[in-house]
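Here is what each chain is made of, one letter per residue.
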Amino acid sequence: MSKVLIIGAGGVGRVVAHKCAQLPDVFSEICLASRTKSRCDQIASELKRPIQTEQVDADDVPQLVALIRKFEPRLVINVALPYQDLTIMDACLETGVDYVDTANYEPLDTAKFEYKWQWAYQDRFKEAGLTALLGSGFDPGVTNVYCAYAQKHLFDEIDYVDILDCNAGDHGYPFATNFNPEINIREVSANGRYWEAGEWKETRPMEIRWDFDFPEVGEKAAYLLYHEEMESLAQNIKGLKRIRFWMTFGQSYLTHLNCLINVGMTGIEPVEFQGQKIVPLQFLKALLPDPASLGPRTTGKTCIGCLIEGRKDGQAKKVFIYNVCDHQECYRETNAQGVSYTTGVPAMIGAKQILEGQWRQPGVWNMEQLDPDPFMDDLNKYGLPWKVIDMAGVKTFAG
Ligand SMILES: NC(=O)c1ccc[n+]([C@@H]2O[C@H](COP(=O)([O-])OP(=O)(O)OC[C@H]3O[C@@H](n4cnc5c(N)ncnc54)[C@H](OP(=O)(O)O)[C@@H]3O)[C@@H](O)[C@H]2O)c1
């Protein structure tokens, strides 16, 4: 029986609140806090049991500390934005509670996400006897656990990992993002990067394309991107020779994105406009559909998985471990589309592992560093069932 504080009432926060509320034996009391309290109240009104709601500015450590002292949770699930990771970790250390997030810290003024800032908290969490679980979404998150599961059960040696993320959903808008537009556009407009033979190799944005046949979804154009889980997986999957990340985009999305990039609408440097400074990307966010509003209109499926190659018992082996999620089924259960669902469910499951003790281990951890088995079992129980299929004979993009 444990109290949990959820911070952030966007699309992902909605799913986390719904899923935690479904498990009263694990999450005995829930508080949902965010910058705009009315969004927390709206989510609370959708749930079958009462939860507490609060207003908080998660950039402000004293406010967070006051809220944590008032509610006294055992754990905080951070599903605000990556900019708030460090302030929330500071508040957890000050108040002695465990921490879970779904995206690694990124400074507001530099579109460069890496784990060094959060890994620097390792000693402080260890000394305080607290657990910080980093990146407990789908990717990062489930994809890291798929790799750990493959390492533990399916392979003796892993050579290559390709993480493939396909959202084949259709929301009917010519251009919209399925999660926070600012974070999404910063991610996809950055240079691509992958890790091979011990070093990082850089590509131009969307330079490399692979038409991959996704199970239950079909062939889609996937583009090589940098994604944060590669940084920890390159360190933690023993003997790995190469890891890449691919995401699919439809032609309409790419045409609009290229145009927005070309005219400077995705910039993060403030520009002078009618006597005030505005950040183009933040202004664009204000014009785009709120990702939380896409739920009722999104149809189709997501398919996210890891194509893993290596050897077992001396034989070459290649498998795809993946989940397929249906946007409308997610909406019926949680009032949210599949991208929020596939992030929010693992955040709940990560918190559950810590509260139940399987993953309670002082320090700062990436998902693949912990035992994958209880997490993989819970994925099957709580809405994200996975499959492993043999991919022998299927060609991997050679580059
Ligand atoms: N690992 C994965 O697979 C994965 C996938 C998708 C997303 N994510 C991550 O999940 C997180 C949430 O995404 P989302 O799509 O739910 O984003 P979202 O819809 O933009 O929601 C973010 C929420 O955080 C709140 N917030 C922002 N700044 C705050 C602050 N200073 N203090 C308190 N609350 C604040 C926002 O408040 P307002 O309502 O006032 O704006 C909003 O409710 C992001 O970090 C994203 O990168 C991870």
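Owing to the predicted nature of the structure, the values given are computational and were not obtained by experimental measurement. (Residues numbered from 1 in each chain as written. Predicted model: local features only at pLDDT ≥ 70, side-chain atom pairs only at ≥ 80, totals over all residues. Heavy atoms only, no water.)

Engineer: What's the story with the site of the ligand in this structure? I'm lost.
Structural biologist: By nearness alone, 28 residues border the ligand, and R35, T36, A58, T102 and N180 come closest of all. Interatomic distance of 3.1 Å between a backbone N/O atom of A9 and an oxygen atom of the ligand. Backbone polar atom of G10 to an oxygen atom of the ligand: 3.2 Å apart, as the coordinates give it. Here the ligand has 940 Å² of accessible area as a free molecule, and 93% of this is covered by the chains. Taken together, the residues of the shell around the ligand break down into 13 nonpolar, ten polar and five charged. (Near = heavy atom within 4 Å. Polar contact = N/O pair within 3.5 Å; in protein donor to acceptor, adjacent residues only side chain to side chain. Areas by Shrake-Rupley, 256 points an atom, 1.4 Å probe, with all protein chains shown as cover. Nonpolar A, V, L, I, M, F, W, Y, C, P; charged D, E, K, R; others polar.)

Engineer: Hey, could you run me through the packing of aromatic side chains in this one?
Structural biologist: Taken as a whole, this structure holds 17 aromatic pairs when the rule is applied. Relative to W117, the ring of Y105 lies with its centre 5.4 Å away and its plane at 80 degrees, an arrangement referred to as edge-to-face. Of the two residues, Y105 sits in the loop between β5 (98-101) and α5 (116-119) while W117 sits in helix α5, which places them twelve residues apart along the sequence. You can call Y105 buried: its relative accessible area is 14%. For W117, a relative accessible area of 26% corresponds to the partly exposed category. Between the aromatic rings of F249 and Y253, the centroid separation amounts to 5.0 Å while the plane-to-plane angle is 15 degrees, which identifies the pairing as stacked. (Phe/Tyr/Trp six-rings, centres within 6.5 Å; stacked < 30°, edge-to-face > 60°. Helix = DSSP H or I, 4+ residues; strand = E, 2+ residues; numbered from the N terminus. Buried < 20%, exposed > 50% of the residue type's maximum accessible area, 1.4 Å probe, protein only.)

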